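Structural description and commentary
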Amino acid sequence: MQIAVWQIVVITLLAFIYRVDRLGTQVCGHNAVLYAWLVGLILGDGMTGLIVGASVQLMSLGVAALAGSSVPDYPLAGMVGTAVCIMTGQDEGVGLAVGIAVGTMGVQLDVLAKTANVFMAHKQLEYAQDGQYEKMKAVTLVGPVLFGLTDAIPMLIVLAFGGDVVNAILSVVPAWFTKGLSLAGGLLPVIGMGALLTYMPAKQYFSFLAIGFVLSAYLGLSILPVAILGGAAAYEVYKNLTSRIAEESIATAEGGLEDE
Amino acid sequence: MSKQIEQESMKAPAEENGRLLTDKDIRKCAWRWCMSVNGFNYETQLAPSVVFSEADALKKIYRDDDAAYRDSLTNSAKYFNVTPPVAGILLGAGLAMEEKNGTAALGAVQDLKVGLMGSLSGIGDAIIWILIPTIFGSISAYLAQSGNPIGALLFVAVNLVFSLGVKIKSWDLGYHFGTQLVTNLADKVAALTEAMSVLGLTVVGALIPSVVKLSTKLTINIGDVSFGLQEGLFDKILLGLLPVCATAIVYQLIKKGVSTNKIILGIIVFCWLGAAFGFIG
């Protein structure tokens, strides 16, 4: 579909706001589904947004950007993927592949912004020591502008040229290429699963992994009832652990007395 | 800076009950702290945002003592990085110390920040950046796959409380109660984290067969009988075996330190081969 100028403006702005919130207020930063859905709604197809957003969200599980590290920009991937899907009318997998490619390249811009901010920090300190306190505060705002642009620019480029470029490529590639991408769309959430397991004590609590698997694969329960059962198990484990900590501290306190 | 300036400024903030800042001032710092990672740079990390959020409160503490104010700002501009939603505990506690002792407290403020940055981030990262996104992200993705946005909205609501809400509140806590809070909570938080990973693992166990979509078109021919592996075996007896295998492989690769980007590329190539030769579908 052909997209209107207002749609380009609103989505580019959304990408900017997304980034500033992700780093600042930090309310929707990991919420790829939300942003993909919003892009879908703006382009008149919320459903596609939800589907693409879901795949991206699942991939992103367990891949957190901690201590200033740079990881693929998953919510941007979701927004780009949704826009590409809707603009080209192609399958979810095609959008996803483009989205991930853009989200991964976006990391380069992220590094650039974090480097440019070094100059901002120096300028800020300079103003502080010069006694120019209003300028000192104002120069900090360079940060959110830089970071916002790292997502707004790629988004704008995709919206302006993405549809035509993707269609031009797809018109020359063989059938297995798009078929493969749509298969990959279904398989890629496995990344998030694998990453999560490396984060969590998977070996120690393997039984709960097995229980969750059986509840879903064999008993066909959806995720909410499984989460409630998991929460019940977690509560028991928590009670056990805290009572053990309490016992240990009593034991050490008593031990201390006996030694005296 | 010179000792003389330090001594002068030590006298300055000594008012009756020692309070120069109101709760409103602290709240203002907290809202300005929403700059958080937007001030991130490779040299001093979150420090520019600390300066940005504390500038007005520090001005109130040092008032006309410009030299002391500059010293304090310079101190705020030193390296700082803590999970932003809980950083207010350290920054609020630091403000309380400077309010009481002026620039004489700067060394102690810096020690406090550096000393507790790591352990506080350990707690904050585990809960706010890993546990919550894992649990609410997976619920939201699962529901979105069937076209339901309610999970994503629930995720927003949870973060309004646990990310933004805690970010604002943590300044109050730090300012009024200092950092004893962190040490008191450490044990409980470790237990909570471990317990929540039980919930996380149960959910992941359930997610693997439902969100990882991999099936095969391979058939086995025994004499005249052709037997589709997927319909005959994986859909009937060994449910979810292929997604489980795929997860196990990815898990091993990540553990071996293969980057996620390479694994993503590998999966796409694998699917191209599968589509070209028709062994998955």
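- Under an unreviewed UniProt entry, chain B has the name PTS system mannose/fructose/sorbose family transporter subunit IID and belongs to Tractidigestivibacter montrealensis.

- The name that an unreviewed UniProt entry assigns to chain A is PTS sugar transporter subunit IIC, with the source organism given as Tractidigestivibacter montrealensis.
- Turning to chain A, the UniProt annotation filed under Subcellular location (unreviewed entry) states: "Cell membrane".

1. Some remarks on the overall build of chain B
- Within chain B one finds eleven helices and two strands.
- The linear arrangement of helices and strands in chain B, starting from the amino end, is α-α-α-α-α-α-α-α-β-β-α-α-α.
- On C-alpha atoms alone, chain B measures out to a radius of gyration of 27 Å, which is more than a quarter above the 19 Å that the 2.2 N^0.38 rule sets for 281 residues.
- Taken along the three principal axes of its C-alpha coordinates, chain B extends 100 × 30 × 30 Å.

2. Structural notes on the overall build of chain A
- Looking only at helices and strands, one finds eleven helices and zero strands in chain A.
- Relative to the globule expectation of 18 Å for 260 residues, the C-alpha radius of gyration of chain A, 24 Å, shows a markedly less compact shape.
- If one aligns the C-alpha atoms of chain A with their principal axes, the spans along those axes are about 80 × 70 × 25 Å.
- Counting only residues that meet the buried cut, chain A has 54% of its 260 residues in that class.
- The contacts of chain A with a sequence gap of at least 6 include a subset with a gap of at least 24, amounting to 73%.
- For chain A, the computed accessible surface area is about 11100 Å², with 68% contributed by carbon and sulfur atoms.
- Chain A carries 10 positive and 18 negative side-chain charges, and their two centres are separated by 7 Å.

3. Quick look at the UniProt feature "transmembrane region" (unreviewed entry) in chain A
Residues and elements named next belong to chain A.
- When the UniProt feature table is mapped onto this chain numbering, "transmembrane region" (unreviewed entry) sits at residues 32-52, 138-161, 181-199 and 206-235.
- In the segment residues 138-161, helix accounts for 92% and strand for 0%; the C-alpha atoms at its two ends are 35 Å apart.
- Between the C-alpha atoms that bound residues 206-235 the distance is 17 Å, and the span itself is 83% helix and 0% strand.

4. Some details on empty space enclosed by the protein
All names here are of chain B.
- What the rule picks out here adds up to three cavities of 30 Å³ or more.
- Of the pockets and cavities examined, the second largest cavity occupies roughly 40 Å³.
- In terms of lining, the second largest cavity is formed by Glu54, Asn75, Ser76, Leu91, Gly94, Leu95, Glu98, Val109 and Lys113.
- The greatest single-element share of the lining of the second largest cavity, amounting to four residues, is contributed by helix H5 (residues 84-101).
- Tallied by class, residues from the lining of the second largest cavity come to three nonpolar, three polar and three charged.

5. As for the environment of Leu20 of chain B
- In this structure, Leu20 of chain B sits in the loop between helix H1 (3-11) and helix H2 (23-32).
- Put simply, Leu20 of chain B and Ile268 of chain B are 248 residues apart on the chain and 61 Å apart in space, counted from C-alpha to C-alpha.

6. Let's talk about the pattern of salt bridges
- If you walk through the whole model with that rule in mind, you get 15 salt bridges over all chains.
- A salt bridge links Asp56 of chain B to Lys137 of chain A, with the shortest nitrogen-to-oxygen separation between them at 2.6 Å. In this pair, Asp56 of chain B sits in helix H3 (residues 47-62) while Lys137 of chain A sits in helix H6 (residues 133-139), so the two residues belong to two different chains.
- The class of Asp56 of chain B is partly exposed, set by a relative accessible area of 23%.
- Judged by its relative accessible area of 12%, Lys137 of chain A is buried.
- The salt bridge involving Glu236 of chain A is made with Lys239 of chain A; its shortest N-O contact spans 3.5 Å. Here Glu236 of chain A pairs with Lys239 of chain A, and both are found in helix H11 (residues 223-259), just three residues apart, close to one helical turn.
- Exposure remark for Lys239 of chain A: the relative accessible area of 38% places this residue in the partly exposed category.
- Beyond isolated ion pairs, a larger network of salt bridges with shared partners links Arg19, Arg22, Asp73, Asp110, Lys114 and Asp151 of chain A.

7. So, the UniProt feature "transmembrane region" (unreviewed entry) in chain B
Residue and element names in this part refer to chain B.
- In the numbering used here, UniProt assigns the feature "transmembrane region" (unreviewed entry) to residues 150-168, 189-212, 232-251 and 263-280.
- Annotated as residues 150-168, this span is 100% helix and 0% strand, and its ends, taken at the C-alpha atoms, are 26 Å apart.
- As annotated, residues 232-251 has a helix share of 70% and a strand share of 0%, and its two end C-alpha atoms lie 28 Å apart.

8. Digging into the domain arrangement of chain B
- By the assigned domains, chain B splits into domain 1 (2-208) and domain 2 (214-277).
- Centre-to-centre, using C-alpha coordinates, domain 1 of chain B lies 45 Å away from domain 2 of chain B.

9. Digging into the packing of helix H6 (residues 106-145) of chain B against helix H7 (residues 150-177) of chain B
Residue and element names in this part refer to chain B.
- The interhelical angle for the contact between H6 and H7, taken along N-to-C directions, is 160°, at an axis separation of 7 Å. The angle between the axes of H6 and H7 places the two elements in the roughly antiparallel class. In the packing of H6 onto H7, the handedness of the crossing is right-handed. Residues Ile128, Trp129, Ile132, Pro133, Phe136, Gly137, Ser140 and Leu143 of H6 form the contact with H7, whose own contacting residues are Ile150, Gly151, Ala152, Leu154, Phe155, Val158, Asn159, Phe162 and Ser163.

Reading the values: rules and limits
Residues numbered from 1 in each chain as written. Chains lettered and ligands numbered in written order. Predicted model: local features only at pLDDT ≥ 70, side-chain atom pairs only at ≥ 80, totals over all residues. Heavy atoms only, no water. UniProt positions renumbered as here; feature names shortened; annotations may be inferred. Helix = DSSP H or I, 4+ residues; strand = E, 2+ residues; numbered from the N terminus. Rg over C-alpha atoms; globule rule 2.2 N^0.38 Å. Buried < 20%, exposed > 50% of the residue type's maximum accessible area, 1.4 Å probe, protein only. Contact = heavy atoms within 4.5 Å. Areas by Shrake-Rupley, 256 points an atom, 1.4 Å probe, with all protein chains shown as cover. Lys, Arg positive; Asp, Glu negative; His and termini not counted. Charge placed at Lys NZ, Arg CZ, Asp CG, Glu CD. 1 Å grid on protein atoms, 1.4 Å probe; cavity = no way out; pocket = protein on both sides within 12 Å on 5 of 7 lines; lining within 4 Å. Points joined across faces, edges and corners; volume = space filled by probe spheres on them. Nonpolar A, V, L, I, M, F, W, Y, C, P; charged D, E, K, R; others polar. Salt bridge = Lys/Arg side-chain N within 4 Å of Asp/Glu carboxyl O. Domains from an automatic or database assignment. Axes fitted to C-alpha atoms, helices over the stretch in contact; angles between N-to-C directions. Parallel < 35°, antiparallel > 145°, perpendicular 65-115°, else oblique. Left-handed = near helix turned anticlockwise from the far one by under 90°.

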